[in-house]
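Structural description and commentary
Here is what each chain is made of, one letter per residue.
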Amino acid sequence: MGKLREHLLIGFGNPLLDIAATVSNELLVKYNLKRNDAILARKEHKTLYKDIREQFSAKYTAGGSVQNTLRVCQWILQKPKIATIFGCVGKDNYAKILERKATEDGLNARYQYTDNAPTGTCVVLITGDSRSLCAYLAAASHFTLEHLQKPENRQVWHNAEYFYISGFFLTVSPLSVMEVARHAHKRNGTFMMNLSAPFVSQQFKEPLMSAMPYVGVLFGNKEEAETLAREHNWHTKDVEEIGQRIASLPNEDHKRERIVVITQSSQPVLLFQGNSIKDFPVQKLTPEQIVDTNGAGDAFVGGFLAQYIIKKPLDVCVHCGIWAAAQIIQQSGCTFEGKPSFQE
């Protein structure tokens, strides 16, 4: 079992305040939004906030994919400051909420603060057991490599062993991503990434593939994996074939095989390493138990990482990820209560 210490795991992402509401299908149609999708807000979404406030009951919670993942990881580990998050926020009340929530959940927040934009937000539109995310990055998009290079920050992330970055962060600071990726490789650390959303492979293919040779563990869901395959003209929708091809993409680490984990909603989780493929059934929940699927993917990675950074077998990592996701979707937002009850 690996030894836990402060700043063992570093995450780089976009801290966002989630604004969640159960809405009508008509609202999705009005704003050209799809179920179970995630996009960056465009001009056509300018009045989305107004419609939500006026027509539906909204709940505000601390969010952002990486921050959610690390909060779940910390909850399972039950030891503070093992994980540290870097990201950019504004100088406003939303930022205070995000930092307070991060600290309460055991995270060490190393935010960059900007005067040029408010703290980012993410609208979470819930329809039945589906969710659609529309993110206004705002301050999050102002993150700079210079923040990482400050001596007090460099010392923190340079001494880490595990590095986790969302695909969303590629839209913000690809320079930071490559700096961290190369450092992880040089230090024999583990660089991990999430495909995050289909648009990342479509619109940010170049920075994604620049980072890919350094990725030791890649997470994604079925739709994200299929989109990656389509963008590379692999001419297949077979998820097992896609997973194997991703695992065999060029790898700078010649000592360790890349691990690829693909989730498939209520279908089994697929784990790829070398020529090996394993599938893991997910916990079945009744429709009455499912409250909010937003954050399920983040929670899965949080559960996986909680076991991975203490060097548990991959089977245990996946089982913990499945368990964590099942807990989170029974709550509203990426929230949790009490002490974790996961057992190997």
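So, how was this worked out
Residue indices begin from 1 for each chain and proceed along its sequence in written order. Note on the predicted model: pLDDT of at least 70 is required for a residue's local features to be given, and 80 or more for side-chain atom pairs to be given and counted; whole-chain, interface and lining totals, by contrast, use all residues. Heavy atoms throughout the structure, all of them, feed into the side-chain values; hydrogens and water do not. UniProt positions are given in the numbering used here, feature names are shortened, and annotations may be inferred rather than shown by experiment. In what follows, salt bridge is the name for a side-chain nitrogen of Lys or Arg lying within 4 Å of a carboxyl oxygen of Asp or Glu. What counts as a helix is a DSSP run of H or I of at least four residues, what counts as a strand is a run of E of at least two, and both are numbered from the N terminus. Here the term buried applies to any residue with accessible area under 20% of the maximum for its type, exposed to any over 50%, and partly exposed to those in between, with areas from a 1.4 Å probe on protein chains only. When checking whether two residues touch, look at their non-hydrogen atoms; a contact exists if any pair is within 4.5 Å. Here a polar contact is taken to be a pair of N or O atoms separated by no more than 3.5 Å, where protein atoms must pair a possible hydrogen donor with a possible acceptor and residues adjacent in sequence count only if both atoms sit in side chains. Strands are labelled as partners when DSSP assigns at least two bridges between them. Note on method: axes are straight lines fitted to C-alpha atoms, helices fitted across the in-contact stretch only, with angles between N-to-C directions ranging 0 to 180 degrees.

Looking at an unreviewed UniProt entry, the protein carries the name Adenosine kinase, with the source organism given as Glossina pallidipes. Regarding the protein, the relevant UniProt record gives this comment under Catalytic activity (unreviewed entry): "adenosine + ATP = AMP + ADP + H(+)". Reading the Subunit (unreviewed entry) entry of the UniProt record for the protein gives the comment "Monomer."

Attention now moves to the pattern of salt bridges. Taken as a whole and assessed by the stated rule, the structure comprises twelve salt bridges. Two residues, Lys 30 and Asp 51, come together in a salt bridge whose shortest N-O distance is 2.7 Å. Of this pair, Lys 30 sits in helix H1 (residues 25-30) while Asp 51 sits in helix H2 (residues 48-55), and the two are 21 residues apart along the sequence. Classification of Asp 51 as buried rests on a relative accessible area of 7%. Lys 50 is paired through a salt bridge with Glu 54; the nearest N and O atoms lie 3.2 Å apart. On the criterion of helical spacing, the pair formed by Lys 50 and Glu 54 is a turn pair, its members being four residues apart in helix H2. Residue classification places Glu 54 among the exposed residues on the basis of a relative accessible area of 56%.

Next up on the list: the environment of Leu 77. Tracing the backbone shows Leu 77 in helix H3 (residues 65-77). Considered as a pair, Leu 77 and Ala 306 are 229 residues apart in the sequence and their alpha carbons are 6.2 Å apart. Not counting the four nearest positions on each side in its chain, Leu 77 is found in contact with Leu 4, Ile 82, Ala 306 and Ile 309.

Under the feature "active site" (unreviewed entry), the UniProt entry names Asp 298. Inspection of the secondary structure puts Asp 298 in helix H12 (residues 296-308). With near-sequence residues (within four places) excluded, Asp 298 lies in contact with Ser 65, Asn 68 and Thr 69. A distance of 3.4 Å separates the side chain of Asp 298 from the side chain of Asn 68, its partner in a polar contact.

Next up on the list: the sheet that holds strand S1 (residues 9-12). In sheet architecture, strand pairing relies on hydrogen bonds along the backbone and comes in two forms, parallel and antiparallel. Taking strand neighbours across the sheet as the criterion, the nine strands line up as S6-S5-S1-S9-S10-S11-S12-S13-S14 in an open arrangement whose pairing is mixed. In this open sheet, the two strands that pair with only one neighbour each are strand S6 (108-114) and strand S14 (276-280). Strand-to-strand twist in this sheet, taken as the mean axis angle between neighbours without regard to direction, amounts to 15°. By the bridge criterion, four bridges tie S1 to strand S9 (residues 162-166) in an arrangement that is parallel. Residue pairing in the sheet places Gly 11 in a bridge with Tyr 164 of S9. Docked against the sheet, helix H6 (residues 151-158) engages S1, strand S5 (83-90), S6 and S9, running at close to 140° with respect to S5. Across the face of the sheet, H12 comes into contact with S1, S9, strand S10 (190-194), strand S11 (217-221), strand S12 (259-264) and strand S13 (267-273) while running at roughly 160° to S11.

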